[in-house]
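# Descriptive analysis of the structure
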Amino acid sequence: MPKHYRPPGKKKEGNAAKYITRTKAVRYLQISLQAFRKLCILKGIFPREPKKKVEGNNKTYYLMKDIQFLAHEPLRQKFWDMRAHDRKIRKAEARRNRDLADRLVNRRPSYKLDRLILERYPTFIDALRDLDDCLTMVHLFAALPAAEREHIQVGRIHNCMRLSKEWQAYIARTHSLRKTFVSVKGIYYQAEVEGQKITWLTPHPLQQVLPDDVDFRVMLTFLEFYEALLGFVNFKLYHSINVKYPPILDPRLEALAAELYGLFRYISASSGRMSADSHAIVSSGDKKQVEDDKMDTGNDESEFAELQHQVPANEPGALMHLVEDATAADEEDEDTKECKNLFKNLKFFLGREAPKDSLLFIIPAFGGVVSWEGEGSPYEEADEDITHQIVDRATQGHIFLSREYVQPQWVYDCVNARIILPTEGYLVGRVPPPHLSPFVDNETEGYVPEYAETIKRLQAAARNQVLPMPGVDNQDLDNPQNLLAEGIIDRAQANEAAEKQRKLAILEKQYHDELKMEVEGTSYSSLSSKNLEKPSEDVEEDTTADTDNIEEHALNLAKVSMSRKKRGILEAIQIHKERKKAKVDILKERKRKANSRKSG
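The name given to the protein chain in an unreviewed UniProt entry is Pescadillo homolog, and the organism recorded there is Ananas comosus. In the Sequence similarities (unreviewed entry) part of its UniProt record, the protein chain is described as follows: "Belongs to the pescadillo family."

Listed below in structure tokens is the structure:
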């Protein structure tokens, strides 16, 4: 008898019992393939890749534990009811009973995803961590046209537009936006909400074309879940800032496609109304309870007394309002304060050709005031307080000398740099500087663009920091002679720092010599005598050469003791580093050729 022989009818073991194919899972759950896909998407269950595919390599496998989990899902019963209801409708239409068919269509069974969202995201932080794909999908469908052929209904698109505008209004109101980047795919945004970084992509405001090779039924199933998730997230976030949800917009602004500006007004009015209600409650409180509180709290009374002289005596509840503002100011972190004051005291006006939706979201998020050309705008183009006008065409009908005309890229670069950049390079008609991505770490990539160094110097000048000159390393800034030449330290401090640096170089050289002696197995006495005869000027050159040799030798020794798998991983890492270095060399060569063309 073979070793692994199992009589028929016995219990399965191993991968045969752990995994199940999709066809068997559909039969096990007694639902259609379309309902199975929808149930897996809503429950967050995805296919697996077993090491040994028992049924064949061309089949899709799921965990048997997940399929048994789906067998107890109440949504499966709902799908059964909906299938039976559709069968009744078809039967009534076949019998030409139009009245019964119409009644059945209006009484179609429905379901809600509230319980599923609570199951998949037990805490609010879990929902925020999984919000990237949700926001990208909702913003995508908000820009798509309605198509009956793809089952994209107008109501779904309007719901996505409403949810996306509500999210943007909250981010702008709380100044939570951190980064933005304009790419070919669309506009990337990154916000920080309750300590979680959330990144999403919005398409450009252009006419979208629906491709034929995309299964929109699967995307609509994902969208169904994401709409419910984003609705709960917006509800929680709006209540955290004391604003009622869902918001009620001004019908006039909604008809003029100014929903985001209408949401800004609604949030501001709701916050003021909430504070006014709290003031009225405090002013009409029971006097006896206030007297008891005064007797109980001695230390708090002294702190309140310090704030009392800052508030007008005839304003009801003003003291409580001041305390709330003080606590709100304390809760803001440094990034929020910096973003809140970036465009402070700046007034913008958008031209017709500027990306209106994006700039209406970004500028208020960083403390600026913005208007646009058209009905429903807060102020007109002729307003004398406007400081910057965002335009993207060379000819202007009327030019105001009291404001600056800049391209839209200036706003995005200022946001990423967190400073107000000079406008000379962004004037109308000029080729703007390169738009650098804030999601790329230049130091890690090994190549720092020239404009990134310029922005770094402007940031240092804004913060009163000292940076090395272009082409000079940070180590050269620590050189005492350079600091003496810059006037940062005097001659005595420079001599003392130079002596310390020389001693540290000697100690470092001695340490590397000891490592080399240990690797080569030579005696330290002969090595030390040779080092004493060497001049101190060659210490730095010898240290660099010895360090490279020691690292190479240690790497070769480590490869010998490695397993084949680890050696392969190490070789893959080295290949990745070589490719990155080759990419950096190509960028440097392009930069050199561009500079030579400019000079020639």
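Spatially, the three strands line up as an open sheet ordered S3-S4-S5, and their pairing is antiparallel. Pairing within the sheet leaves two strands with one partner each, and these edge strands are strand S3 (177–182) and strand S5 (196–202). Neighbour-to-neighbour, the strand axes of this sheet turn through a mean angle of 15°, independent of strand direction. With seven bridges connecting them, strand S4 (residues 187–193) and S5 associate as antiparallel partners. Across the sheet, the residue bridging to Tyr189 is Trp200, located in S5.

Let's shift gears to the packing of aromatic side chains. All told, the structure shown has 17 aromatic pairs when counted by the stated rule. Ring plane angle 70° and centroid distance 5.2 Å describe the contact between Phe343 and Phe348, whose orientation is recorded as edge-to-face. This pair shows no difference in class: Phe343 is buried, exactly as Phe348 is. An aromatic cluster of three or more residues is present, and its members are Tyr121, Phe222, Phe225 and Tyr226. Positioned over the ring face of Tyr379 is Lys347, at 4.4 Å from the centre of the ring. Above the face of the Phe400 ring, Arg403 is positioned so that its terminal group lies 4.0 Å from the ring centre.

Let us look at the environment of Tyr61. Residue position: Tyr61 is located in strand S2 (residues 61–63). Relative accessible area serves as the criterion here: at 4%, Tyr61 is assigned to the buried category. For Tyr61, the contacting residues outside a window of four places in its chain are Tyr19, Ile20, Thr21, Pro47, Arg48, Pro50, Lys53, Val54, Glu55 and Gly56. Within the local environment of Tyr61, its side chain forms a polar contact with the backbone nitrogen of Glu55, the two atoms lying 2.9 Å apart.

Our next topic: helix H3 (residues 33–43). Buried residues of H3: Ala35, Phe36, Leu39, Cys40, Ile41, Leu42 and Lys43, and no others. Those residues of H3 hidden inside the fold are in contact with helix H2 (22–29), S2, helix H4 (64–71), helix H5 (74–94), helix H7 (114–120) and helix H11 (216–240). At the exit of H3 stands Gly44, carrying a positive phi of roughly 80°.

Let us look at the pattern of salt bridges. A full pass over the atoms with the stated rule returns 22 salt bridges. Across the pair Lys24 and Glu55 runs a salt bridge, and its minimum N-O distance is 3.1 Å. Within this pair, whereas Lys24 is found in helix H2, its partner Glu55 is found in the loop between H3 and S2, the two being separated by 31 residues in sequence. With a relative accessible area of 36%, Glu55 lands in the partly exposed category. One salt bridge in this structure joins Arg129 and Asp126, with 3.7 Å as the shortest N-O distance.

A separate point is the packing of H2 against H3. Each pair of packed helices can be described by the angle between their axes along with the distance between the axes. Between H2 and H3, the least distance of the axes is 10 Å, while the angle of their chain directions is 95°. The angle between H2 and H3 falls in the class roughly perpendicular. Contacts between H2 and H3 involve Arg22, Ala25, Val26 and Leu29 from the former and Leu33, Phe36 and Arg37 from the latter. Each residue belonging to the contact of H2 with H3 can be placed in one class, and the counts come to five nonpolar, no polar and two charged.

Looking now at the packing of helix H10 (residues 154–173) against helix H18 (residues 356–365). One can describe the packing of H10 onto H18 by two numbers: an axis separation of 8 Å at closest approach and a directional angle of 25°. In terms of their interaxial angle, H10 and H18 are classed as roughly parallel. Where H10 approaches H18, its residues Lys165, Gln168, Ile171 and Ala172 are matched on the opposing element by Asp357, Phe361, Pro364 and Ala365. Grouping the amino acids of the contact of H10 with H18 by side-chain chemistry returns five nonpolar, one polar and two charged.

Criteria and cut-off values
Residues numbered from 1 in each chain as written. Predicted model: local features only at pLDDT ≥ 70, side-chain atom pairs only at ≥ 80, totals over all residues. Heavy atoms only, no water. UniProt positions renumbered as here; feature names shortened; annotations may be inferred. Pairing = 2+ DSSP bridges. Helix = DSSP H or I, 4+ residues; strand = E, 2+ residues; numbered from the N terminus. Axes fitted to C-alpha atoms, helices over the stretch in contact; angles between N-to-C directions. Phe/Tyr/Trp six-rings, centres within 6.5 Å; stacked < 30°, edge-to-face > 60°. Buried < 20%, exposed > 50% of the residue type's maximum accessible area, 1.4 Å probe, protein only. Lys NZ or Arg CZ within 6 Å of the ring centre and 35° of its normal. Contact = heavy atoms within 4.5 Å. Polar contact = N/O pair within 3.5 Å; in protein donor to acceptor, adjacent residues only side chain to side chain. Salt bridge = Lys/Arg side-chain N within 4 Å of Asp/Glu carboxyl O. Parallel < 35°, antiparallel > 145°, perpendicular 65-115°, else oblique. Nonpolar A, V, L, I, M, F, W, Y, C, P; charged D, E, K, R; others polar.

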